[in-house]
Amino acid sequence: MSTQSFRSGQHILGGAPRGLAIVNGTIAAAIGLGLQQWLIGLAFWAIGHSISVFSASRDPDFAPVLVRHLRQKGYWAC
């Protein structure tokens, strides 16, 4: 386990935050196995995991910030 995961207090799975990696893998498995579109599921997993690894390397706390951003309603919404 890298020292970066100890500093941020998050568990890292393959370079991505654990919760995000599990959700990404579950959705990819549902597409690949459930819809029998395994190539699309594999591509979804590879692209999603690459994006989450890149984001985690740039900012280790991006997952909690993203969750907080999605929960808050827009104050200046039209």
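Remarks on the packing of helix 2 (residues 18-34) against helix 3 (residues 38-58)
Then step 1. It is at 7 Å that the axes of helix 2 and helix 3 come closest, and there the two elements cross at 165°. With respect to each other, helix 2 and helix 3 are oriented roughly antiparallel. Considering the relative orientation of helix 2 and helix 3, their crossing is right-handed. Contacts between helix 2 and helix 3 involve L20, A21, N24, G25, I27, A28, I31 and G32 from the former and W38, I40, G41, F44, W45, G48, H49 and S52 from the latter.
Then step 2. Here the contact of helix 2 with helix 3 is built from residues that sort into 9 nonpolar, 7 polar and no charged.

Re the side chain of S52
Then step 1. Structurally, S52 is set in helix 3.
Then step 2. Here S52 falls in the buried class, since its relative accessible area comes to 5%.
Then step 3. Apart from the residues within four sequence positions on either side, S52 is in contact with A16, P17, L20 and F62.

Rules used throughout
- Residues numbered from 1 in each chain as written.
- Predicted model: local features only at pLDDT ≥ 70, side-chain atom pairs only at ≥ 80, totals over all residues.
- Heavy atoms only, no water.
- Axes fitted to C-alpha atoms, helices over the stretch in contact; angles between N-to-C directions.
- Helix = DSSP H or I, 4+ residues; strand = E, 2+ residues; numbered from the N terminus.
- Parallel < 35°, antiparallel > 145°, perpendicular 65-115°, else oblique.
- Left-handed = near helix turned anticlockwise from the far one by under 90°.
- Contact = heavy atoms within 4.5 Å.
- Nonpolar A, V, L, I, M, F, W, Y, C, P; charged D, E, K, R; others polar.
- Buried < 20%, exposed > 50% of the residue type's maximum accessible area, 1.4 Å probe, protein only.

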